[in-house]
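Listed below are the residues making up each chain.
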Amino acid sequence: MPTVDDVLAQVGEFHLFQKQTFLLLALLSAAMPPIYVGIVFLGFTPEHHCRPSPGAAQLSRRCGWSPAEELNLTVPGPGPAGEAFPRRCRSYQVAWNGSGLGCADPLAGLAADRSLLPLGPCGHGWAYDTPGSSIVTEFNLVCADAWMLDLVQVAVNLGFFLGSVGIGYVADRFGRKPCLLLTILVNATAGVLMAVAPTYPWVLLFRLVQGLVSKVGWLIGYILITELVGLSYRRTVGICYQAAFSVGLLALAGAAYVLPHWRWLQFAVTVPNFCFLLYYWCVPESPRWLLSQHRHAEATQVLRLIARRNGQAVPAALQCLRAEEEAGEKPNPSFLDLVRTPQIRKHTLVLMYNWFTSSVLYQGLIMHLGLAGSDIYLDFFYSGLVEFPAALLILLTIDRVGRRWPWAAANMVAGAACLASVFLPEDLQGLRVAVACLGRMGITMAFEMVCLVNAELYPTFIRNLGVLVCSSLCDLGGMLAPFLVYRLTGVWQELPLLIFAAVGLVAGGLVLLLPETRGQALPETIEEVESLRRPRKHREKKIYLQVKKQDIPLN
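Model, not experiment: these values are computed from the prediction. (Residues numbered from 1 in each chain as written. Predicted model: local features only at pLDDT ≥ 70, side-chain atom pairs only at ≥ 80, totals over all residues. Heavy atoms only, no water.)

Before going further, it helps to examine the overall build of the protein chain. Along its length, the protein chain carries 24 helices and 4 strands. Across the 555 residues that make up the protein chain, the buried fraction comes to 52%. Within the protein chain, counting contacts between residues at least 6 apart in sequence, those at least 24 apart form 81% of the total. Total accessible area computed for the protein chain in this model is approximately 25300 Å², and 65% of it derives from carbon and sulfur atoms. (Helix = DSSP H or I, 4+ residues; strand = E, 2+ residues; numbered from the N terminus. Buried < 20%, exposed > 50% of the residue type's maximum accessible area, 1.4 Å probe, protein only. Contact = heavy atoms within 4.5 Å. Areas by Shrake-Rupley, 256 points an atom, 1.4 Å probe, with all protein chains shown as cover.)

Here we come to helix α5 (residues 54–63). All of the buried residues in α5 are Gly55, Ala56, Leu59, Ser60 and Cys63. Around the axis of α5, the buried residues are gathered within 140 degrees of arc, so they sit on the same side. Relative to its buried face, α5 has exposed residues pointing more than 90 degrees away, namely Pro54, Arg61 and Arg62. For α5, the elements touching its buried residues are α6 (67–74). In the stretch just after α5, Gly64 is the one whose phi turns positive, near 70 degrees. (Arc of directions from axis to C-beta.)

Our focus in this paragraph is the environment of Ala197. The residue Ala197 is located in the loop between α10 (176–195) and α11 (200–228) in this model. Expressed as a C-alpha distance, the spacing of Ala197 and Arg263, which sit 66 residues apart in the sequence, is 9.0 Å.

A few words on the packing of aromatic side chains. If you walk through the whole model with that rule in mind, you get 21 aromatic pairs. Taking the centre distance of 6.4 Å and the plane angle of 65 degrees together, the rings of Phe139 and Tyr200 count as edge-to-face. Taken together, the residues span a long stretch of sequence, with Phe139 in helix α7 (residues 135–139) and Tyr200 in helix α11 at a distance of 61 residues. One exposure class covers both Phe139 and Tyr200, and it is buried. Each member of the aromatic cluster is reached from another via a ring pair, and the members are Tyr36, Phe160, Phe245, Trp355, Tyr362 and Phe447. Of note, Lys177 hangs over the ring of Tyr280, and the distance from its end group to the ring centre comes to 5.0 Å. Taking NZ or CZ as reference, Arg440 lies 4.8 Å from the ring centre of Tyr362, over its face. (Phe/Tyr/Trp six-rings, centres within 6.5 Å; stacked < 30°, edge-to-face > 60°. Lys NZ or Arg CZ within 6 Å of the ring centre and 35° of its normal.)

All right, on to the packing of α10 against α11 then. Between α10 and α11, the least distance of the axes is 8 Å, while the angle of their chain directions is 150 degrees. The orientation of α10 relative to α11 falls into the category roughly antiparallel. As α10 runs across α11, the sense of the crossing is left-handed. Grouping the constituent residues of the contact of α10 with α11 by class yields 14 nonpolar, 7 polar and 3 charged. (Axes fitted to C-alpha atoms, helices over the stretch in contact; angles between N-to-C directions. Parallel < 35°, antiparallel > 145°, perpendicular 65-115°, else oblique. Left-handed = near helix turned anticlockwise from the far one by under 90°. Nonpolar A, V, L, I, M, F, W, Y, C, P; charged D, E, K, R; others polar.)

Moving on to the packing of α10 against helix α13 (residues 262–270). For the pair α10 and α13, interaxial distance at closest approach is 8 Å and the crossing angle is 165 degrees. In terms of orientation, α10 lies roughly antiparallel with respect to α13. When you trace α10 past α13, the crossing you get is left-handed. Between α10 and α13, the residues in contact are Asn187, Ala188, Gly191, Val192, Met194 and Ala195 and Trp262, Arg263, Gln266, Phe267 and Thr270, respectively. When grouped by side-chain class, the residues that make up the contact of α10 with α13 number 6 nonpolar, 4 polar and 1 charged.

For the rest of this paragraph, the subject is the nonpolar core. Counting residues in each nonpolar core, the largest one holds 136 residues, and the members touching the most others are Ile135, Tyr362, Phe380, Trp407 and Phe500. Leaving out residues up to four positions away in the same chain, Ile135 has contacts with Leu42, Asn140, Leu141, Val152, Met194, Val203 and Trp262. Residues Leu73, Tyr92, Trp96 and Leu107 belong to the second largest nonpolar core, which totals 12 residues. (Core = buried A, V, L, I, M, F, W, Y, C linked by side-chain atoms within 4.5 Å.)

On to unusual backbone geometry, then. Most peptide bonds are trans, and most residues other than glycine sit at a negative phi. A positive phi angle is found at Asn140, which is not glycine, with a value near 55 degrees. With respect to the helices and strands, Asn140 occurs in the loop between α7 and α8 (147–165). Unusually for a residue other than glycine, His294 sits at a positive phi of about 60 degrees. Structurally, His294 can be placed in the loop between α15 (287–292) and α16 (296–309).

Looking at where Ser383 falls in the secondary structure, it is placed in helix α18 (residues 376–385). A polar contact is formed between the side chain of Ser383 and the backbone oxygen of Phe380, at a distance of 2.8 Å. Every residue in contact with Ser383, bar those within four places of it in the chain, is listed here: Leu369, Cys437 and Arg440. (Polar contact = N/O pair within 3.5 Å; in protein donor to acceptor, adjacent residues only side chain to side chain.)

The subject of this paragraph is a nonpolar patch on the surface. Taken together, the side chains of Met412, Leu419, Phe423, Val491, Trp492, Leu498 and Leu505 make up a nonpolar region of the molecular surface, amounting to roughly 640 Å² of accessible area. If one sorts the elements of the nonpolar patch by residue count, helix α20 (residues 404–423) sits on top with 3 residues. Tracing the sequence through the fold places Leu419 in helix α20. (Patch = residues over 30% accessible without salt bridge, like charges linked within 9 Å, V, L, I, M, F, W, Y side chains within 5 Å. Salt bridge = Lys/Arg side-chain N within 4 Å of Asp/Glu carboxyl O.)

This part is about the confidence of the model for the protein chain. This prediction gives the protein chain a mean pLDDT of 85; 88% of its residues lie at or above 70. The spread of mean pLDDT over the elements of the protein chain runs between helix α9 (residues 167–174), the lowest at 71, and α13, the highest at 97. In the model, residues 81–86 has pLDDT below 50 throughout and makes 7 contacts with residues more than four positions away in sequence or in other chains. Throughout residues 534–541 the model reports pLDDT below 50, and contacts reaching past four residues in sequence, or to other chains, amount to 5 contacts. (pLDDT = per-residue confidence, 0-100.)

Further remarks concern the environment of Leu303. Structurally, the position occupied by Leu303 is in helix α16. Between the alpha carbons of Leu303 and Pro315 there is a distance of 9.7 Å; along the sequence they are 12 residues apart.

Next up on the list: empty space enclosed by the protein. All told, the structure shown has 4 cavities of 30 Å³ or more when counted by the stated rule. When its volume is computed, the second largest cavity comes out at roughly 120 Å³. As for the second largest cavity, its lining consists of 13 residues, and the residues nearest its centre are Leu28, Asn187, Ser214, Gly217 and Trp218. Contributions of two or more residues to the lining of the second largest cavity are made by α10 and α11. Across the lining of the second largest cavity, the residue classes break down as 8 nonpolar, 5 polar and no charged. (1 Å grid on protein atoms, 1.4 Å probe; cavity = no way out; pocket = protein on both sides within 12 Å on 5 of 7 lines; lining within 4 Å. Points joined across faces, edges and corners; volume = space filled by probe spheres on them.)

So, in C-alpha cells, the structure goes:
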C-alpha cells in the first residue's frame, strides 16, 4: 500500500503547487520578526535627560538661552569615563527661581565645582533626543522604571513558551489549517489592539497574546509546508522557510526607518497579517494529518488537487493510500525517557543548553545592536543580511561535512566574535560592525542547526516530546536576554558580550559530545540511539527495553 511520500514521488515532490504554497507560507514566516525582535525599534531608548524644572525654564526664557545652552547650564554633565549611562536620571537640586542666579553661569555662585552640587531624581519628567517615539518615550520607561521595558520582551517569550506547550496537541487534534487560521486572526487582532493600547499594562497584555499565538502559527506553517513536499525536499524547504524569517528582518529595518513612531510601526507590520486569512482558499490541509485521522477521502482529494496543479496524472494506487505509521500499540512517551539512558540523557542536556544559548545570543545580539550601534537601522539591516549566507552554508555543509562540526564551529564563531567585540576600540566602527555581523551569522547558523539536529537524536516514540522539551529552553533564554542586555549595560556596555562569548564557546564545545547523524536513518528505538557512536561490533552488548510501568510486577 502506498504512502503519501510514494504518491508525491509520482505527482511531484516540489513542483508548481508546492512552490506556490511555499511562497505563501514563507510570507507568514517573514511576518514573524516584528514580534520576535521588534523590541529593538518599538522599545528604542534614545538619548535623554531630566526635563528642566519650571524655575529653570523661566530662567532660560529670561536669559534667552538656546536649547543647547539651556542643556549645558541646567543639566548635569557626563559622569565618569566609561560609564554606560551618565547621569541621565539626575537633576540639580537647586532653587532656580532664586534672584542671585545670573545668565552667564547661574550655578557658579552656588559652588565652584558643579560636581559638588546636590543631585536628585528627575521631578518633572524627561526630554528625549529623537524625532519619533517609542514605548520607552511614551511611558517614560527610563531610570528607575527602565526594567519595565524588559517585561515587554519577557511577555512575548512567555507567550512563546505557553503557546508551544500546546502546539502538538492542538495541531494534531484539530488539524494544521484551522489552527493556522485561528492563530493568524488572534495575532493580527492583538497586534492592532497593541498599537492603540492606552497604557503600559495593556501593551504588555496584547504583547503576551501575540506571543501565545505567533510562534504557534509559525511552527504550524513550518509543519504544513514540510508535510506537503516530498521526502527529498523536506530539509531544504524547512531551511528556506527559516530563511524567509531573515527577509522579514530586512523589511522590518526599512519599515522602522520610514515609520519612526512606534504606534504607526506596530500598526503597519500587523495589518498585513489579516491578508493571511485568505489562505483559507489557498492552502490545503495536510494529507498526512488527514490520513492519521482516518479521513481518507479528504486526503485523497488533496493529493488529487496537487496532481492536477502539477500537471501530473493521478496514480491508480491512490485509492489504497495508507498512513506512514500503521495503527497499533505504541509505547507511551514519558519525560523520564529523556534522561533514563546515558546517551539520551547526554543528548537532552546538550540540546537544552544549545537551545538556550541560541535564543540568548540571537535575541541578545540584536538588542545590544540597538544600544551600541551608530546607525540602528543600517546596522540592523546588515545583521539581517548575513543570515542568508548562514542558510547557504547549512545547505552546502550538512550533507558533505556533516552536522556536528559546522554546528560546533558556528557556536564558537559567535562566541569568538562577541569576545573580540569587547576589545575593539570605538573608533573602529566599521570593524566592530563587521565582527558583530560575523557573530550574528554564526548564531543564526547554530540556531537553524539545532532545529534540524534535535529530531535526529531521539527515537521515534519520544521524538516530538524531545523536541518540545528541549526547545522550551529557547523561550526561557528569550526571557532572560533583555535583562542581560538592558540591565548589564548599565554596569558596563560590553559586559553582555562577555557573557555571550562564554556561553557561545561552551555551547560549541558541548556540541562535539554529540554523535554525527549525517547519512544515518532516523532512530526507531532507544537501543539505536544508544549505539549511534559505538562501533557496530559492540552494538549488541547492551539492550534497552521499552516497557510500560504497569507491566512490571511489584514483587
